[in-house]
Amino acid sequence: MDSQSNKFLQLLINNKIDILNGERDLKFSLVSINIDTGSLDVNDSPENYEYKNEIMKKTEKVIFLKTIILDKNKNISQITSIWSVNEA
């Protein structure tokens, strides 16, 4: 994975904690990720991004998550990820 992909992955992991925060008795492991880098500059500070999350599908074992990241200039990137669900 190149450094830009690593930055997107870190943004996703930090944001995943927020969207799945209500699931306190569960642990999540990243299974798969698809990153459409779009026009977003990942060298900006993570606090300057706006996140739009959608749980596309949720089962007892898997969560499909779509995350759209926007910067102040409305440049976007979309990350689709699959997370396995494990009891803590």
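Look up: the structure comes first, before these words.
Residues numbered from 1 in each chain as written. Predicted model: local features only at pLDDT ≥ 70, side-chain atom pairs only at ≥ 80, totals over all residues. Heavy atoms only, no water.

(A) Quick look at the overall build of the chain. On a plain count of helices and strands, the chain comes out with one helix and four strands. The secondary structure elements of the chain, listed N-terminal to C-terminal, are α-β-β-β-β. Restricting to contacts in the chain with at least 6 residues of sequence separation, those with at least 24 account for 58%. With the model as given, the accessible surface of the chain reaches about 5700 Å², and the carbon-plus-sulfur share is 45%. (Helix = DSSP H or I, 4+ residues; strand = E, 2+ residues; numbered from the N terminus. Contact = heavy atoms within 4.5 Å. Areas by Shrake-Rupley, 256 points an atom, 1.4 Å probe, with all protein chains shown as cover.)

(B) Spatial organisation of the pairing of strand β3 (residues 62-70). In this structure, strand β2 (residues 50-58) lies alongside β3, joined through eight bridges in antiparallel fashion. Note on β3: the bridge partner recorded for Asn 53 is Thr 67. Connecting β3 to the antiparallel partner strand β4 (residues 76-87) that follows it, the hairpin turn spans five residues, and Lys 74 within it adopts a positive phi of roughly 65°. (Pairing = 2+ DSSP bridges.)

(C) Spatial organisation of unusual backbone geometry. Non-glycine residue Lys 74 carries a positive phi angle of around 65°. Looking at the secondary structure, you find Lys 74 in the loop between β3 and β4.

(D) Molecular detail of the nonpolar core. Core analysis: the largest hydrophobic core is formed by 13 residues, its most contacted members being Leu 40, Val 42, Tyr 49 and Ile 69. Listed by contribution, the elements that provide at least two residues to this core are α1 (3-19), β3 and β4. With near-sequence residues (within four places) excluded, Leu 40 lies in contact with Gln 4, Phe 8, Tyr 49, Ile 69, Leu 70, Asp 71, Asn 75, Ile 76 and Ser 77. (Core = buried A, V, L, I, M, F, W, Y, C linked by side-chain atoms within 4.5 Å. Buried < 20%, exposed > 50% of the residue type's maximum accessible area, 1.4 Å probe, protein only.)

(E) Representation of the pattern of salt bridges within the structure. Enumeration over the complete set of coordinates arrives at two salt bridges. The salt bridge partner of Lys 74 is Glu 50, with a shortest N-O separation of 3.9 Å. Note that Lys 74 is positioned in the loop between β3 and β4 and Glu 50 in strand β2, a separation of 24 residues in sequence. (Salt bridge = Lys/Arg side-chain N within 4 Å of Asp/Glu carboxyl O.)

Purely geometric stuff here, so don't read any function into it on its own.
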